[in-house]
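Each chain, written out:
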Amino acid sequence: DAGVTQSPTHLIKTRGQQVTLRCSPKSGHDTVSWYQQALGQGPQFIFQYYEEEERQRGNFPDRFSGHQFPNYSSELNVNALLLGDSALYLCASRSSGGTQTGELFFGEGSRLTVL
Amino acid sequence: LAKTTQPISMDSYEGQEVNITCSHNNIATNDYITWYQQFPSQGPRFIIQGYKTKVTNEVASLFIPADRKSSTLSLPRVSLSDTAVYYCLVGPYGGYQKVTFGTGTKLQVIP
């Protein structure tokens with residue numbers, strides 16, 4: 001049973017460029033959340049997708065956008081990249097049917113470096 | 001959302017029991033307490049969740065006093081592989097994922 005998979009694992013961009021990160025949730029999961037983790041910090045919630053709609057959003061500018069596809073996979077798009085966008089981007093999935101804990105399953109992340 | 005406070009770092013010898021305390025003074029009635037573990041360059045991994053009193057699973061125990069203003073994650077007989085960052089999250093069941101993880105507690109297990 002594949003867990004959460006993310007691609008690419010590493011990428012380098014320059015300021016002003018745009019990036020797209022991809023996530024496939026764990027089998028049986030329909031809810032996907034994205035997090036940004038800067039070096040030495042804990043993950044910060046960006047947004048959550050369920051039924052192809054953004055359901056919750058953290059304190060991130062509109063440069064951060066996303067999409068969820070009918071197969072529950074998701075993309076995170078970041079426009080007009082800034083140096084401060086350099087971070088590990090984590091995708092997490094869970095089932096809306098819910099385990100008793102609402103446990104999140106995380107992928108290994110995509111390491112973005114903005115030069 | 002309830003703010004949490006944890007020690008920044010802790011050291012422990014192999015084989016010892018480790019207790020990491022999290023303070024959450026403004027926890028709400030419908031909030032749960034959830035702990036995650038993260039190794040370098042990996043995503044966090046769920047450890048345990050509780051609402052009150054004590055919860056135990058195969059890897060840890062979670063102690064929550066009656067006032068629920070704090071909680072303690074207990075790791076029995078730690079090994080080197082337990083060296084990681086541990087995060088305490090407080091939020092409503094099914095909604096805690098919106099909570100920022102904070103800086104967590106970096107546990108270093110010493111041989």
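Quick caveat, the model's predicted, so the values are computed rather than measured. (Residues numbered from 1 in each chain as written. Chains lettered and ligands numbered in written order. Predicted model: local features only at pLDDT ≥ 70, side-chain atom pairs only at ≥ 80, totals over all residues. Heavy atoms only, no water.)

A.B. asks: Looking at this model, I keep getting lost on the state of the cysteines. Mind explaining?
C.D. replies: The bond known as a disulfide is covalent and runs between the sulfur atoms of two cysteines. All names here are of chain A. A complete count under the given rule lists 2 disulfides over all chains for this structure. Across the disulfide from C23 sits C91; the S-S distance is 1.8 Å. Because the torsion about its S-S bond is -65°, the bridge between C23 and C91 counts as left-handed. Pair noted here: C23 is in strand β3 (residues 19-24) and C91 is in strand β9 (residues 87-94), with a separation of 68 residues, a long-range link. (Disulfide = S-S within 2.5 Å. Helix = DSSP H or I, 4+ residues; strand = E, 2+ residues; numbered from the N terminus.)

A.B. asks: Is there a simple way to explain the sheet that holds strand β2 (residues 18-23) of chain B in this structure?
C.D. replies: By way of backbone hydrogen bonds, the strands of a sheet pair with one another, either parallel or antiparallel. Residues and elements named next belong to chain B. Spatial ordering of the open sheet is given by β2-β7-β6-β5, a layout of 4 strands whose pairing is antiparallel. Strand pairing shows two members of the sheet lacking a second neighbour, β2 and β5 (53-56), which therefore form its edges. Taking the axes of each pair of neighbouring strands and ignoring which way they run, one obtains an average angle of 15° across the sheet. Where strand β6 (residues 61-64) and strand β7 (residues 70-75) come together, 3 bridges link them in antiparallel fashion. Bridged to S61 within β7 is S74. (Pairing = 2+ DSSP bridges. Axes fitted to C-alpha atoms, helices over the stretch in contact; angles between N-to-C directions.)

A.B. asks: What is the right way to read the pattern of salt bridges from this model?
C.D. replies: Close approach of charged atoms allows side chains with opposite charge to pair. Residues and elements named next belong to chain A. The tally for this structure, following the rule as stated, stands at 4 salt bridges over all chains. The salt bridge partner of R22 is E75, with a shortest N-O separation of 3.5 Å. One end of the pair, R22, is in strand β3; the other, E75, is in strand β8 (residues 74-78), and 53 residues separate them in sequence. Its relative accessible area of 42% is what places R22 among the partly exposed residues. The shortest N-O distance in the salt bridge between R63 and D85 comes to 2.8 Å. One end of the pair, R63, is in the loop between β6 (53-57) and β7 (64-68); the other, D85, is in the loop between β8 and β9, with 22 residues separating them in the sequence. (Salt bridge = Lys/Arg side-chain N within 4 Å of Asp/Glu carboxyl O. Buried < 20%, exposed > 50% of the residue type's maximum accessible area, 1.4 Å probe, protein only.)

A.B. asks: Hey, could you run me through the pairing of β9 of chain A in this one?
C.D. replies: It is a general feature of regular strands that their side chains alternate between the two faces of the sheet. All names here are of chain A. Within β9, 8 of the 8 residues are buried, which leaves it mostly tucked inside the rest of the structure. Here β9 shows no split at all, with A87, Y89, C91 and S93 on one side and L88, L90, A92 and R94 on the other all buried. The pairing of strand β4 (residues 31-37) with β9 spans 7 bridges and is antiparallel. The residue bridging S33 from the neighbouring strand is A92, located in β9. Note that β9 and strand β10 (residues 105-106) share 2 bridges and pair antiparallel. Note that in β10 the partner of A92 across the bridge is F106.

A.B. asks: Hey, could you run me through the pairing of β8 of chain A in this one?
C.D. replies: Residues and elements named next belong to chain A. Along β8, 5 of the 5 residues are buried, which leaves the element largely enclosed by surrounding structure. Going residue by residue along β8, you find S74, L76 and V78 tucked away on one face and E75 and N77 tucked away on the opposite face as well. One ladder, built from 5 bridges, connects β3 with β8; its direction is antiparallel. Paired with L21 across the bridge in β8 is L76. Taken together, the 5 bridges between β7 and β8 define a ladder with antiparallel strand orientation. When the bridges of β8 are listed, G66 appears paired with L76.

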